[in-house]
Amino acid sequence: MSSSSRPSRRVVLAGAAAVGALSAVSVSGTAAQAAVAAPAYRWRTAVIGGTGFVTGVLFHPSVRGLAYARTDIGGAYRWDERAARWTPLTDHLGWDDWNLLGVEAIAVDPAHPDRVYLSLGAYAQSWAGNGAVLRSEDRGATWARTDLGVKLGANEDGRGAGERLLVDPRDSDTLWLGTRHDGLLKSTDRGATWAADSAFPAAPSASGQGVTFLVSVGRAVYAGWGDGDGTAGTANLYRTSDGTTWEAVPGQPVGATSAKVPIRAAYDRHTRDLYVTYGNAPGPNGQSDGSVHKLRTTTGSWTDVTPVKPGGTTADGSADTFAYGGVAVDACRAGTVVVSTNNRWADIDTLFRSTDGGRTWTSLKDAAVFDVSETPFLKWGGDKPKFGWWIQALALDPYDSRHLVYGTGATLYGTRDLKHWAPQIRGLEETSVRQLISPPVGEAHLLSGLGDIGVMYHERLTASPSRGMASNPVFGSATGLAQAAAKPSYVVRAGWGDNGNGAFSNDGGRSWAPFAAQPDIAKNAPGPIATNADGSVLLWTFVHWDGTKYPAHRSTDNGTTWSEISSIPKGATPVADPADPTLFYAYDTDTGTLYASTDSGLSFTARAGGLPSGDSQFELVAAPGRSGDLWLSVKWNGLHRSTDGGVTFTKVASCWASYTLGFGRAAEGAAYPAIYMVGSTEAITAVYRSDDEAKTWTRINDDAHQWGWTGEVITGDPRIYGRVYLATNGRGIQYGEPV
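Residues numbered from 1 in each chain as written. Predicted model: local features only at pLDDT ≥ 70, side-chain atom pairs only at ≥ 80, totals over all residues. Heavy atoms only, no water.

Caption draft 1: Structural context of the nonpolar core. Core analysis: the largest hydrophobic core is formed by 37 residues, its most contacted members being Leu351, Phe377 and Leu404. Mapped by element, the contributors of at least two residues to this core are β30 (394-396), β31 (404-407), β34 (433-437), β35 (446-450), β58 (724-727) and β59 (733-738). The residues touching phenylalanine 377, leaving out its near neighbours within four places in the chain, are Ile48, Gly49, Thr51, Ala410, Ile453, Met456, Ser464, Gly468 and Met469. Leu66, Tyr68, Leu93 and Leu100 belong to the second largest nonpolar core, which has 17 residues in total. (Core = buried A, V, L, I, M, F, W, Y, C linked by side-chain atoms within 4.5 Å. Buried < 20%, exposed > 50% of the residue type's maximum accessible area, 1.4 Å probe, protein only. Helix = DSSP H or I, 4+ residues; strand = E, 2+ residues; numbered from the N terminus. Contact = heavy atoms within 4.5 Å.)

Caption draft 2: Highlighting the sheet that holds strand β46 (residues 584-588). With antiparallel pairing, the 4 strands of this open sheet are ordered in space as β45-β46-β47-β48. Two strands lie at the open edges of the sheet, namely β45 (574-576) and β48 (605-606), each paired on one side alone. Direction of pairing for β45 relative to β46: antiparallel, over a ladder of 3 bridges. Considered in β46, the bridge of alanine 576 is made with phenylalanine 584. (Pairing = 2+ DSSP bridges.)

Caption draft 3: Just the pairing of strand β3 (residues 54-59), in detail. Of all 6 residues in β3, 5 are buried; the element is thus mostly enclosed. Bridge count for β3 against strand β4 (residues 66-71) is 5 bridges, and the pairing is antiparallel. When the sheet's bridge partners are listed, valine 57 is paired in β4 with alanine 69. Adjacent in sequence and paired antiparallel, β3 and β4 are bridged by 6 residues, among which glycine 65 carries a positive phi angle near 80 degrees.

Caption draft 4: Region of the structure containing the packing of aromatic side chains. Counted according to the given criterion, the structure contains 31 aromatic pairs. Three or more aromatic residues joined by ring pairs make a cluster, and in this case those are Trp176, Phe200, Trp225, Tyr238 and Trp246. Its end group placed over the ring of phenylalanine 475, arginine 493 keeps NZ or CZ at 4.4 Å from the ring centre. Positioned above the aromatic ring of tryptophan 512 is the side chain of arginine 493, whose terminal nitrogen or guanidinium carbon lies 4.6 Å from the ring centre. (Phe/Tyr/Trp six-rings, centres within 6.5 Å; stacked < 30°, edge-to-face > 60°. Lys NZ or Arg CZ within 6 Å of the ring centre and 35° of its normal.)

Caption draft 5: Structural detail: the sheet that holds strand β27 (residues 351-354). Spatially, the 4 strands line up as an open sheet ordered β25-β26-β27-β28, and their pairing is antiparallel. What marks the edges here is a single partner per strand, and that holds for β25 (323-329) and β28 (362-363). Here 4 bridges tie strand β26 (residues 337-342) to β27, and the two strands are oriented antiparallel to one another. Paired with valine 338 across the strands is arginine 353, a residue of β27.

Caption draft 6: Layout of the side chain of arginine 180. Mapped onto the secondary structure, arginine 180 falls in the loop between β12 (175-178) and β13 (184-187). Once residues lying within four places of it in the same chain are set aside, the contact partners of arginine 180 are Glu104, Gly153, Ala154, Glu156, Asp157, Gly158, Arg159, Arg164, Ser205, Gly208, Gln209 and Gly210.

Caption draft 7: Looking closely at unusual backbone geometry. Cis geometry marks the peptide bond from glycine 283 to proline 284, where omega comes out at 10 degrees. For the peptide bond that leads from asparagine 472 to proline 473, omega is 0 degrees, which places it in the cis range. Inspection of the secondary structure assignment puts proline 473 in the loop between β36 (454-458) and β37 (478-484). One non-glycine residue, arginine 272, lies in the positive phi region at around 60 degrees. Following the sequence through the fold, arginine 272 ends up in the loop between β19 (261-268) and β20 (273-279).

Set out below in structure tokens:
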């Protein structure tokens, strides 16, 4: 997440009590659901490269070149060394399982190289579903699933800690699972069933971190505990040597801030030292102190090996506050260890490496040379990339001492010589997508508005956009993106940023200029923006991230001046008529009323009323090339259509739920554009296409390609029949084409 972002899909939602039941039911890994017979579609991901928080990376200790990665909202991946790319492992999780795209932890079995386990569940809040454990005997090609009776928190504070899942070093049939609010769980049948380990001494709470990591130390298991206070009176590290009884580790570090929360741990089998990183909070945000300590497990002696103590002053006088996050040991070289700082915004995060057991350290940032040409957005509109932020995932290849990788809030960097770094990210796409436009002309077939990384111009779908993030100005999360239907060279965008919140382009989105002025509210509540068909009028609505709505504003001089429009409902998304530049529409989701303007947005009046209300995610879209042809997706209230500019609406009978809808090139011989929809015609929510004006629908995705929640935006390509672009919340932009 950039510093100019405001709260996005990675915002942590404060804790309510989790469900305490611990029973589990074994179910099939892939739903066997009936689907409408569909033509074969090939689905691919539009390449951007990462873009999200990589929360964990795990090299397999017994197989050269095998690794797994996890993300906070975008599922898990397996590294293919020969292809030098990541393979997604959880795209089969569908609409009802959206919460399971957050991966809390990964575990592998050193004795059985093909086994891999995932614990899933993005949120531990009352409104989220329970977690699940996936287990595979073929490196994630297929899965068996156990639904848990507890909630996990892969997109909450502490998501970079871990790993919270472990195969017992004494018995491959035994697994341990650390939870946030329900203590330590144990399975004795390879993850098929789970029960609470009543012998674990720490008491869970409804709002704590619980077990932060589990690590093998020889035949023993150590567990980090995130709910201590850092004093001698409370333990934050426990161990078991027999899998039955637990004890607090004696002599553990004390520090009300510096050693409060254990984040990660790594064991050097050569020296029998256990390294533990600490923070005063679980991270990735909110940390200001921390440390690194080493336990000689053979003697029980502890040593403070912190590379640099937080709290100093940078050259510009800023407070150098931070914690420590990732830790990895070299399986080939005794005493070689790497740790990461985290939340170090003043002096920028780094990795420290030691070859003498932590007596001396070298900052790898100081000599680092970066090549981000494959993913130019990592320059963030500047001349060069940062070393990173939110560095809690850190891994050393057990077969190559110079192959080191670390995750950030936007990518995964790798090196093979400890000096030259490049994104090791091919195949891993984690973008949360907000807006999509497929222009009718021009080099790019796709423009996108994204969470955390602004707007992009995709001149190719198979390579990261060469221009990177749209600049002048750079945004964090985009809130609006619109193109003039009759003048496609004119595009406008809005979003969160520190140097302006709106911009326009006269070359189809290749280059941008900021609005000369903007309403005062724009900085704190930038919302959706629209331009009329010929680009002569802008309408900008304003919605704060907390949901507060403000009056819309209008500009007729390309953003030089703005005037408030009181007749459009506050917060309503404006929709331009694609054929008539004098017409705008807006749907008031609070009252279920369609408003229209016939004077280029100067005033709005109510038309159809009594429509579904109460949900800000209801969507209104206008069919291309036609005036007054409106489609209203109102979730499980169905799909409604108006052909008279919103005076009347008729419910479409061919589907019972519609979440988002868009248009593409018409089928050969068809007079109406192809319609693409995420919705339901039978029992499941899926991706559909209609070639007959919504009379019938054909499902075009399959059970292996579902990507969790996909209700934000969908659009077809106006130049290529059958091609569709689909927004996901953590798996980037998926695009499909008939085979």
